[in-house]
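Single-letter residue listing:
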Amino acid sequence: MDLSPLWLSLKIALVATAFTFVLGLPAAWGVTYLRRAKHVVDGILSIPLVLPPTVVGFLLLIAFGRNSAFGRFLDSIGLDMIFTWKGAVVAGVVVSFPVMYRGIRGAIEQVDPDLIAAARTLGMREGRILFRVILPSAWPGIAASTVLSFARALGEFGATIMIAGNIPGKTRTMSLAVYTAMQGGDRTLAFQWVLIIVSFSLVILILMNYWTASGFRRSSRGRRHKA
């Protein structure tokens, strides 16, 4: 059994999750305290969540293709996205970003506003409030969002096959390996990949439930102590 789709999927999902976290955290923080056009901005950032993955992949193919201005710029600096693992990372970032963004935003909105108000009263700047007050209080939700974002990137199929293709050892992820095995009539191999994917998904759900429950217990103790 060729395990290259497993290692490739893990590499793509880890890199995509890192980018998604770096982009999702400031986006969630900014939109949470946005006063004007909040719903419009939220809709734009969340739209990959409701679009079919193949549509997302098609739009990425147009945006990063060599016929586009951005694609020509990337080609001029020697960065090729189409039919490479880097293209699969881009697909993973785009489809998993709404999961990260909305999860972190929900976690930030659950932080006790009295803590934030007290920090501002003490003269703390917004950036320090984020790192000293908001993030420590919202970390269970942030951790759960990161795990779910990783799972979304790990199992991406439609957008990946559109922009990165299905090249063995290069862009064939676990989801694409299942598809290829079924296309070739090898149900045993497809079932083996399904078992691996289900196992990863189960571990991810257990971790998410643990961090969510941990955060709930912590917030409950904090409310009782405050009362």
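In what follows, the structure referred to is the one given above.
Thresholds, definitions, all that
- Within each chain, residues carry numbers counting from 1 in the order of the written sequence.
- Thresholds applied to this predicted model are a pLDDT of at least 70 for local features of residues and 80 or more for the giving and counting of side-chain atom pairs; totals over whole chains, interfaces and linings are not thresholded and use all residues.
- Side-chain numbers come from the whole structure's heavy atoms, not from hydrogens or water.
- The numbering of helices and of strands both runs from the N terminus, where a helix is a DSSP run of H or I of at least 4 residues and a strand a run of E of at least 2.
- We call two residues in contact whenever any of their non-hydrogen atoms come within 4.5 Å of each other.
- Residue exposure ignores everything except the shown protein chains as possible cover, and the areas themselves are Shrake-Rupley values with a 1.4 Å probe.
- The charge count includes Lys and Arg as positive and Asp and Glu as negative, but it does not include His or the ends of the chains.
- Think of each charge as sitting on NZ of Lys, CZ of Arg, CG of Asp or CD of Glu.
- Each patch is assembled from residues with relative accessible area greater than 30% and no salt bridge, linking like charges that lie within 9 Å and nonpolar side chains (Val, Leu, Ile, Met, Phe, Trp, Tyr) that lie within 5 Å.
- A carboxyl oxygen of Asp or Glu within 4 Å of a side-chain nitrogen of Lys or Arg is what we treat as a salt bridge.
- Classification of residues uses two cut-offs on accessible area relative to the type maximum, computed with a 1.4 Å probe and protein chains only: under 20% is buried, over 50% is exposed, and between them is partly exposed.
- Only Phe, Tyr and Trp rings take part, Trp by its six-membered ring, and two of them pair if their centres are within 6.5 Å. Stacked means planes under 30 degrees apart, edge-to-face means over 60, and tilted covers everything else.
- Only Lys NZ and Arg CZ are tested; either one counts as a charge over a ring when it is within 6 Å of the ring centre and within 35 degrees of the ring normal.
- Fitting a line to C-alpha atoms yields each axis, with helices limited to the stretch in contact; the angle taken between N-to-C directions then spans 0 to 180 degrees.
- Any angle between 65 and 115 degrees counts as roughly perpendicular, while under 35 counts as roughly parallel, over 145 as roughly antiparallel, and the rest as oblique.
- With the far helix as reference, a near helix turned anticlockwise by less than a right angle produces a left-handed crossing, and one turned clockwise produces a right-handed crossing.
- Residues are grouped as follows: nonpolar covers Ala, Val, Leu, Ile, Met, Phe, Trp, Tyr, Cys and Pro; charged covers Asp, Glu, Lys and Arg; every other residue, Gly included, is treated as polar.
- In protein, a polar contact means a hydrogen-donor-capable atom and an acceptor-capable atom, both N or O and within 3.5 Å, with residues adjacent in sequence counting only if both atoms are side-chain atoms; elsewhere, any N or O pair within 3.5 Å suffices.

If you tally the helices and strands in the protein chain, you get ten helices and zero strands. Beginning at the N terminus, the succession of helices and strands in the protein chain can be written as α-α-α-α-α-α-α-α-α-α. Considered along the principal axes of its C-alpha atoms, the protein chain spans approximately 65 × 45 × 25 Å. Residue pairs in contact within the protein chain that sit at least 24 positions apart in sequence constitute 71% of those at least 6 positions apart. Counting only carbon and sulfur atoms, one obtains 67% of the accessible surface of the protein chain, whose full area is about 12,800 Å². Looking at the protein chain, you have 23 positive and 10 negative side-chain charges, and the mean spots of the two groups are 7 Å apart.

Nonpolar side chains collect at one region of the surface, where Val55, Phe58, Leu59 and Ile62 lie side by side and expose about 350 Å² of accessible area between them. Tracing the backbone shows Leu59 in helix H3 (residues 53-64). The exposure class assigned to Leu59 is partly exposed, which follows from its relative accessible area of 45%.

This brings us to the packing of aromatic side chains. Taken as a whole, this structure holds four aromatic pairs when the rule is applied. On the numbers, 6.4 Å between centres and 25 degrees between planes, the contact of Phe70 with Phe73 is stacked. Of this pair, Phe70 and Phe73 both sit in helix H4 (residues 69-76), separated by three residues, roughly a single helical turn. Following the ring pairs from residue to residue traces out a cluster consisting of Phe64, Phe70 and Phe73. Seen from the ring of Tyr33, Arg120 lies directly overhead, with NZ or CZ sitting 5.6 Å from the centre.

On to the packing of helix H5 (residues 85-109) against helix H7 (residues 126-154), then. Where H5 meets H7, the closest approach of the two axes is 8 Å, and the angle between their N-to-C directions is 155 degrees. Classified by the angle their axes make, H5 and H7 are roughly antiparallel. The two elements H5 and H7 meet at a crossing, and its hand is right-handed. Here Gly92, Val95, Ser96, Val99, Met100, Gly103, Ile104, Ala107 and Ile108 of H5 come into contact with H7, specifically with Ile134, Ala138, Gly141, Ile142, Ser145, Thr146, Leu148, Ser149, Arg152 and Ala153. Tallied by class, the residues present in the contact of H5 with H7 amount to eleven nonpolar, seven polar and one charged.

Only a minority of non-glycine residues have a phi that is not negative, and only a minority of peptide bonds are not trans. With a phi angle near 55 degrees, Ala37 is a residue other than glycine that sits in the positive phi range. Along the polypeptide, Ala37 turns up in the loop between helix H1 (4-32) and helix H2 (38-46). For Ala37, a relative accessible area of 47% puts it in the partly exposed group. Of note in the backbone geometry, Phe83 takes a positive phi value of approximately 60 degrees without being a glycine. Residue position: Phe83 is located in the loop between H4 and H5. The exposure class assigned to Phe83 is partly exposed, which follows from its relative accessible area of 41%.

The next point concerns the side chain of Ser96. Assignment of secondary structure puts Ser96 in helix H5. A polar side-chain atom of Ser96 sits 3.2 Å from a polar atom in the side chain of Thr20. Discounting residues that sit within four places of it in the chain, Ser96 has contacts with Thr20, Ser149, Arg152 and Ala153.

Everything listed is a geometric property; what it means functionally is a separate question.
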